[in-house]
Amino acid sequence: MSSTVVLIAGAGQDVSAWDEVIRLLPGRRCLPFSSAELCRTVDDIDAAAEQLEAHLDEAGADTFVLVGLSLGGMIATRFAAQHPERVDGLLLSGSQFRPDPRIMAVQRTLQRFVPEPWLGLSDAVDKAALLRLLRIAAASDLRDDLTRITAPSQILCGLRDVANLPASRALYRALPRATLRLVRGGGHELMTDAPRSFADAVDELL
């Protein structure tokens, strides 16, 4: 199996969020991306998956293990459904497949009123960009994609990430070759909360 690992961070993160996981995967070729990078010039998840494909073609990555957190996991899900022949393994962490639009609308409304420094965003993402990324997530429906994914899958979720636990369990039930791993003490940004557990899950897919 290919040793290339493709990593897609969540909406408010940049690629540095993957630094510790990459350090724990010595000898592996890792290609980190952020959701903001893949969605910078597009407005839906299909176009984000196309952006990912273009980057991977340019990097010469034919097949790979595909890893995504949150919105990055949703982009990974769409890509894995569209290109199953290229995905050797899929890891989804704190990810959704059909976000509740009402909850997402409340989340966006609340975040409009939170001072930007309090949001804990990376330098590469401002509040306006974050709200646009959340709109992309809210408009996405990946339920049909799940039946087209053939790769072995790891579903990760921190036990403190209560908002995403139901979706993680549903992904585990829906994907035909999935394993569910709930990480004690882990929150939503599991690659920084529990990088060893995250890297171990990637290694299992490799």
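Please refer to the structure higher up on the page.
So, how was this worked out
- Residues numbered from 1 in each chain as written.
- Predicted model: local features only at pLDDT ≥ 70, side-chain atom pairs only at ≥ 80, totals over all residues.
- Heavy atoms only, no water.
- Pairing = 2+ DSSP bridges.
- Helix = DSSP H or I, 4+ residues; strand = E, 2+ residues; numbered from the N terminus.
- Axes fitted to C-alpha atoms, helices over the stretch in contact; angles between N-to-C directions.
- Contact = heavy atoms within 4.5 Å.
- 1 Å grid on protein atoms, 1.4 Å probe; cavity = no way out; pocket = protein on both sides within 12 Å on 5 of 7 lines; lining within 4 Å.
- Points joined across faces, edges and corners; volume = space filled by probe spheres on them.
- Nonpolar A, V, L, I, M, F, W, Y, C, P; charged D, E, K, R; others polar.
- Buried < 20%, exposed > 50% of the residue type's maximum accessible area, 1.4 Å probe, protein only.

## Observations concerning the sheet that holds strand β1 (residues 5-9)
Part 1 of the reasoning: In spatial order, the strands read β2-β1-β3-β4-β5-β6; together these six strands make up an open sheet with parallel pairing. This sheet does not close on itself; its edge strands, each paired only once, are β2 (30-34) and β6 (178-183). Recorded for the sheet is a direction-independent mean angle of 15 degrees between the axes of neighbouring strands.
Part 2 of the reasoning: Looking at chain direction, strand β3 (residues 64-69) and strand β4 (residues 87-93) are connected through six bridges and run parallel. By the bridge assignment for β4, F64 is matched with V87.
Part 3 of the reasoning: Contacting β1, β2 and β3, helix α3 (residues 45-59) crosses the sheet at an angle of about 150 degrees to β2.

## Overview of the layout of surface pockets
Part 1 of the reasoning: Taken as a whole, the largest pocket spans an internal volume of roughly 660 Å³.
Part 2 of the reasoning: Lining of the largest pocket is provided by 28 residues; of these, S70, Q107, L134, N164 and H188 occupy positions nearest its centre.
Part 3 of the reasoning: Listing elements by their share of the lining of the largest pocket, those giving two or more residues are α4 (71-82), α5 (101-113) and α6 (127-138).
Part 4 of the reasoning: Of the residues assigned to the lining of the largest pocket, the class counts are 15 nonpolar, eleven polar and two charged.

## Examining the side chain of S153
Part 1 of the reasoning: Relative to the helices and strands, S153 is located in strand β5 (residues 153-158).
Part 2 of the reasoning: Using a relative accessible area of 2% as the deciding quantity, one classes S153 as buried.

## Digging into the environment of A17
Part 1 of the reasoning: Mapping A17 onto the fold places it in the loop between β1 and α1 (19-23).
Part 2 of the reasoning: Note: C-alpha distance between A17 and L7 (ten residues apart in sequence) is 9.9 Å.
Part 3 of the reasoning: Each residue touching A17, except ones within four places of it in the same chain, is listed here: M191 and T192.

## Description of unusual backbone geometry
Part 1 of the reasoning: With phi around 60 degrees, S70 is a residue other than glycine that occupies positive phi space.
Part 2 of the reasoning: With respect to the element layout, S70 can be found in the loop between β3 and α4.

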